[in-house]
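Fold and contact review
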Amino acid sequence: VVHDNPRLRNQLISTGPKKMKCLVETKDPSKKNCVRIITGIVDYSGSVLGSGFDEEQINLISQGTECIRLCRVMGYHINYDEVEKRLSKDKSVQEFRLNEADSMFLTGEMASMSAKDFLRGCHESIDVILDPQCSPDGWYPFREATSTRKRKIAPQFRSKGI
């Protein structure tokens, strides 16, 4: 994830036993009410030049000099009409479940495709949720349950505080 906020560099935990998780979400261009989600662990946060990116690819970046690199990357195609949902304990938020059985590896030896290929065709904005709120069994907040319009929760409120 390339960005232009150098202050994030020292805010993200990318070393040690408590590495930070990250969730990236964008609309699926071919299906209504569907998104593509990538999850991973932050393993680098800093300048694009020190990231290990291919030098030729760095020259193609038109915006941003900083980046967040992820490892253990998984991809999910989520249809909000069909995904498993529940209400939070206080009944104020609707949560959805990311089930590992429905995921695909995007990095490592078991990768079936790259993250770039997984996102091919996606031209909408992306939400990057650093240190996302999540229960141990894979439940993530996504919509208000108390509103009559069931508005999607903004990315900054789906994080644990970054």
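Above this note sits the structure.
Residues numbered from 1 in each chain as written. Predicted model: local features only at pLDDT ≥ 70, side-chain atom pairs only at ≥ 80, totals over all residues. Heavy atoms only, no water.

1. What about the packing of aromatic side chains?
Taken as a whole, this structure holds 4 aromatic pairs when the rule is applied. On the basis of an interplanar angle of 75° and a centroid distance of 5.8 Å, the ring pair of Y80 and F96 is categorised as edge-to-face. In this pair, Y80 is assigned in the loop between β4 (66–79) and β5 (85–87) and F96 in strand β6 (residues 93–97), connecting sequence segments 16 residues apart. Here Y80 matches F96 in class, with each residue buried. Centroid distance F96 to F142: 5.2 Å. Interplanar angle 85°. Geometry classified as edge-to-face. (Phe/Tyr/Trp six-rings, centres within 6.5 Å; stacked < 30°, edge-to-face > 60°. Helix = DSSP H or I, 4+ residues; strand = E, 2+ residues; numbered from the N terminus. Buried < 20%, exposed > 50% of the residue type's maximum accessible area, 1.4 Å probe, protein only.)

2. A closer look at unusual backbone geometry
A positive phi is found at K91, a non-glycine position, where the angle reads about 65°. Note on placement: K91 falls in the loop between β5 and β6. Its identity is not glycine, yet D131 carries a phi of approximately 50°, on the positive side. Tracing the sequence through the fold places D131 in the loop between β8 (126–130) and β9 (139–144).

3. What about the pattern of salt bridges?
This model, assessed by the stated rule, comprises 5 salt bridges. The shortest N-O distance in the salt bridge between R36 and D28 comes to 3.2 Å. D28 carries the same exposure label as R36, and that label is buried. A salt bridge links E84 to R97, with the shortest nitrogen-to-oxygen separation between them at 3.8 Å. Remark: R97 occurs in strand β6 and E84 occurs in the loop between β4 and β5; sequence separation between them is 13 residues. For R97, a relative accessible area of 26% translates into the label partly exposed. (Salt bridge = Lys/Arg side-chain N within 4 Å of Asp/Glu carboxyl O.)

4. Some words on the sheet that holds β5
As summarised here, the arrangement of the 3 strands in space is β5-β6-β9, forming an open sheet in which the pairing is antiparallel. Two strands bound the open sheet, and with one partner strand each, they are β5 and β9. For this sheet the average axis-to-axis angle between neighbouring strands, irrespective of direction, equals 35°. Alignment of β5 against β6, held across 3 bridges, turns out to be antiparallel. In the sheet register, L87 faces β6, and the bridge partner there is Q94. (Pairing = 2+ DSSP bridges. Axes fitted to C-alpha atoms, helices over the stretch in contact; angles between N-to-C directions.)

5. Quick word on the pairing of β6
The hairpin formed by β5 and β6 contains 5 residues between the paired strands, and K91 there has a positive phi angle of roughly 65°. When β6 meets β9, the two strands line up antiparallel, connected through 5 bridges. Residue pairing in the sheet places V93 in a bridge with E144 of β9.

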